[in-house]
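Structural characterization, general
Spelled out, the chains give:
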Amino acid sequence: MTVQGSVAVQVLAARLSPGFTLGVASAAFQIEGSLSAGGRGPSGWDAFAEKPGSILDGHSPAVACDHYNRAPEDVELMRALGIDSYRFSISWPRIQPDGTGPFNAAGLDFYDRLIDQLLEAGISPMATLYHWDTPLPLEHRGGWMNRSTAERFAEYSAAAGRRFGDRVAQWVTLNEPVSVTLNGYALGVHAPGHDLLFKALPSVHHQLLGHGLAVQALRAAGVKGGIGVANLHSPVRPASRKISDRLLAKVFDLMMNRVYADPILLGHYPKPPLIARPWFRSLGKASDSDLRNIHQPLDFYGLNYYCPVKVATGPGPDHSPVGTTEAMARLPFHTADFPEYGTTGFGWPVAPEHLGILLRELKDRYGAALPPLYITESGASFPEPDHVSGPIADTNRIDYLASHLGHALAATSPGGIAEDVELLGYYVWTLLDNFEWAAGFSQRFGLVHVDFDTLERTPKDSYYWYQALARARRA
Ligand code: BGC
């Protein structure tokens, strides 16, 4: 199914069921700036970004989109966009600067105002509690390698639940624990910059425990909204039929997908292939009581999808924006190209049909244990100018979004390959071009262009396309 241009808007709109949520997603550290304003404490990402060589071209997150000072303008952009829901993240160090102990009134007030502005604009708030900005004092004590971070996270979640629980419609505990473990603790390309490879696996268990304890803390705080988690998933394919490629693809699938979703949805870690058991040993030792804590009933499952991954035997060139690191070169595999697909600015394959395939895989794996699902992130970066004088014609992004949403809807409609998956909504990553982690400002994902010198916001054609979609379904 090709879904492009104005016809596509009508086609897509007609496929949206009446309660389907259209949204946009963001993360505090990528947009807020004001890192030491209003009593915010430093996070592991503040410290990482200051280390020479960690961020492409030495870009600094200190101002980012200045959203901390411009939230009303940004909410106005969303109101005009016509979306139903905004997924944002609460910065833990902004509301609890040390990650333990006292809370920061100015930080709590900032999110209070944001939530109220959203509600006034008719936009339902989806709040993520952790999108990678661990308070620095906790990172100094080992961060997610330290079990007590899970308990601190539950305390912070309880406080957020008590303060905002009357108005937040959906809670997301963690964003992509896989990215934190792989990029942050295993490969060292994200904060906190450790390259522990398989020794990073305790950070999986502690994040999942943090998730489970936070779910219970939110429920105990009496929050009104639904509770879920946002996991990144990529269908994993072997580069060839060779046994080693197939085996390593299985291992990669465990690391990428299953060690996060299985305990949350099924209450146990997956069994690794025999030869890979030593790598996963630490997870095998999880106690039953931890697994019970992790395996909490959820109101929804958040799926972040960007692209499939192909795995080939042996070290080799990787598609990381920061190139192949020393740690990657020590792995027994690397990710390979999909020559049949075009690529995004990051070099990621544009493979919308894999979103439908992924939904099928998730249902096959988890069956009735898979809660109704939101696509909590979907989007793409493309090379775009730093300065613009009007809307840019980002047809590549429109095609990307239309085809991904189109495939997700087709797959989950009657007769589709994942018709038994209940799809509740779709959140575009992201509203504003922003600080793209280790890639700095080099990758623009926004529906709205941001000039990082003047901070001027200029909606792109994709913004108007999404607006037309939101309007068309009401027509
Ligand atoms: C993350 C975002 C990030 C996006 C694009 C997702 O994995 O949640 O924070 O900007 O990918 O890299």
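Residues numbered from 1 in each chain as written. Predicted model: local features only at pLDDT ≥ 70, side-chain atom pairs only at ≥ 80, totals over all residues. Heavy atoms only, no water.

Here we look at the site of the ligand
Our working rule: Proximity is defined per residue: any heavy atom of the residue falling within 4 Å of a molecule or strand makes that residue near it. We call two N or O atoms a polar contact when they sit within 3.5 Å, provided that within protein one can donate a hydrogen and the other can accept it, with sequence-adjacent residues counted only if both atoms are side-chain atoms. Here the open area of atoms and residues is found with the Shrake-Rupley method and a 1.4 Å probe, where only the protein chains shown may cover a residue.
Around the ligand lies a shell of 13 residues, among which Gln30, His131, Glu176, Glu436 and Trp437 are the nearest. A distance of 2.7 Å separates an oxygen atom of the ligand from a polar side-chain atom of Gln30. Side-chain polar atom of Trp437 to an oxygen atom of the ligand: 2.9 Å apart, as the coordinates give it. For the ligand, whose accessible area on its own is 310 Å², the fraction buried by protein is 94%.

A few points about the confidence of the model for the protein
Convention followed: The quantity called pLDDT is the predictor's confidence in a given residue, expressed from 0 to 100. The criterion used for residue contact is that any of the two residues' heavy atoms lie within 4.5 Å.
For the protein, per-residue confidence averages 96 on the pLDDT scale, and residues scoring 70 or more make up 97% of the total. Within the model, the stretch residues 1–5 combines pLDDT values under 50 with ten contacts to residues more than four positions away or in other chains.

Examining the pattern of salt bridges
The test is simple: A pair is scored as a salt bridge if a Lys or Arg side-chain nitrogen falls within 4 Å of a carboxyl oxygen belonging to Asp or Glu. Exposure classes here rest on a 1.4 Å probe applied to the protein chains alone. A residue is buried below 20% of its type maximum, exposed above 50%, and partly exposed in between. Numbering of helices and strands starts at the N terminus; helices are DSSP runs of H or I of at least 4 residues and strands are runs of E of at least 2.
Scanning the model with the defined rule gives 27 salt bridges in all. A salt bridge links Arg40 to Asp46, with the shortest nitrogen-to-oxygen separation between them at 2.8 Å. An identical accessibility class is assigned to Arg40 and Asp46; each is buried. The salt bridge partner of Arg167 is Asp112, with a shortest N-O separation of 2.7 Å. Here Arg167, found in the loop between helix 8 (148–164) and strand 4 (170–175), pairs with Asp112, found in helix 6 (residues 105–120); they are 55 residues apart in sequence, far enough to count as distant. With respect to class, Arg167 is no different from Asp112; both count as buried.

A look at helix 10 (residues 202–220)
Side chains three or four residues apart in an α-helix point the same way, a direct result of the helix having 3.6 residues per turn. Just so we agree on the cut-off: For a helix, the expected span equals 1.5 Å multiplied by the residue count minus one.
For helix 10, spanning 19 residues, the distance from its first C-alpha to its last is 27 Å, which sits close to the expected 27 Å at 1.5 Å a residue. Most of helix 10 is tucked away, with 14 of its 19 residues classed as buried. At the C-terminal side of helix 10, Gly222 shows a positive phi close to 75 degrees.

Quick word on the packing of aromatic side chains
The criterion, for reference: Ring pairs are drawn from Phe, Tyr and Trp, using the six-membered ring of Trp, whenever the two centres fall within 6.5 Å, and their geometry is named by plane angle: stacked under 30 degrees, edge-to-face over 60, tilted for the rest.
Under the criterion given, the structure shown has 31 aromatic pairs. Centre to centre, the rings of Trp92 and Phe153 are 5.6 Å apart; their planes meet at 55 degrees, and the pair counts as tilted. Highlighted residues: Trp92 in helix 5 (residues 92–95) and Phe153 in helix 8, separated in sequence by 61 residues. The burial state of Trp92 is the same as that of Phe153; both residues are buried.

Notes on the sheet that holds strand 8 (residues 309–313)
The following threshold applies: Between any two strands, pairing holds if DSSP finds at least two bridges. To obtain an axis, a line is fitted to C-alpha atoms, over the contacting stretch when the element is a helix, and the angle between two such axes runs from 0 to 180 degrees between their N-to-C directions.
If you trace the three strands from one edge of the open sheet to the other, you get 6-8-9, paired in mixed fashion. Strands at the two margins of the open sheet, each flanked by one partner only, are strand 6 (236–238) and strand 9 (333–336). When the angles between neighbouring strand axes are averaged without regard to direction, this sheet yields 40 degrees.

Describing the packing of helix 4 (residues 67–81) against helix 6
The relative placement of two packed helices is expressed as an angle between their axes plus a distance between the axes. Note the threshold: Here the angle decides the label: under 35 degrees means roughly parallel, over 145 means roughly antiparallel, 65 to 115 means roughly perpendicular, and every other value means oblique. Residues were grouped as follows: Ala, Val, Leu, Ile, Met, Phe, Trp, Tyr, Cys and Pro as nonpolar; Asp, Glu, Lys and Arg as charged; and all remaining residues, including Gly, as polar.
In the contact formed by helix 4 and helix 6, the axes pass within 10 Å of each other and the chain directions differ by 10 degrees. In terms of axis orientation, helix 4 runs roughly parallel to helix 6. Between helix 4 and helix 6, the residues in contact are His67, Tyr68, Ala71, Pro72, Val75 and Met78 and Ala106, Phe110, Leu114, Gln117 and Leu118, respectively. Within the contact of helix 4 with helix 6, the residues separate by chemical class into nine nonpolar, two polar and no charged.

A closer look at the nonpolar core
To keep things clear, this is the line we draw: Working definition of a nonpolar core: buried Ala, Val, Leu, Ile, Met, Phe, Trp, Tyr and Cys residues. They are joined through side-chain atoms within 4.5 Å.
One finds Val24, Ile90, Trp171, Phe280, Leu373 and Tyr466 to be the most contacted residues of the largest nonpolar core, which totals 156 residues. For this core, the element with the highest residue contribution is helix 11 (residues 243–266), accounting for twelve residues.

What about the environment of His404?
Along the polypeptide, His404 turns up in helix 16 (residues 395–412). As for His404 and Tyr305, which are separated by 99 residues in sequence, their C-alpha atoms are 9.3 Å apart. Among all residues touching His404, those that are not within four sequence positions of it are Tyr305, Tyr306, Val350, Ala351, Pro352, Leu355, Ser378 and Tyr426.

Considering the sheet that holds strand 11 (residues 423–429)
The eight strands lie next to each other as 1-2-3-4-5-7-10-11, forming a closed barrel whose pairing is parallel. Pairwise comparison of adjacent strand axes, ignoring direction, gives a mean angle of 25 degrees for this sheet. Sheet topology places strand 5 (residues 226–232) next to strand 7 (residues 301–304); three bridges connect them, and they run parallel. Note that in strand 7 the partner of Ala230 across the bridge is Gly302. Contacts from helix 10 reach strand 3 (124–130), strand 4 and strand 5, with the element oriented near 160 degrees to strand 4.

A word on helix 11
So the rule is basically this: To get the bend at a given residue, fit one axis to the seven residues ending there, fit another to the seven starting there, and take the angle between those axes.
The terminal C-alpha atoms of helix 11, which comprises 24 residues, lie only 29 Å apart, well short of the 34 Å expected from a rise of 1.5 Å per residue. Roughly 55 degrees is the biggest bend found in helix 11, and it falls at Arg258. Phi for Gly267, located one or two positions after helix 11, is positive at around 85 degrees.

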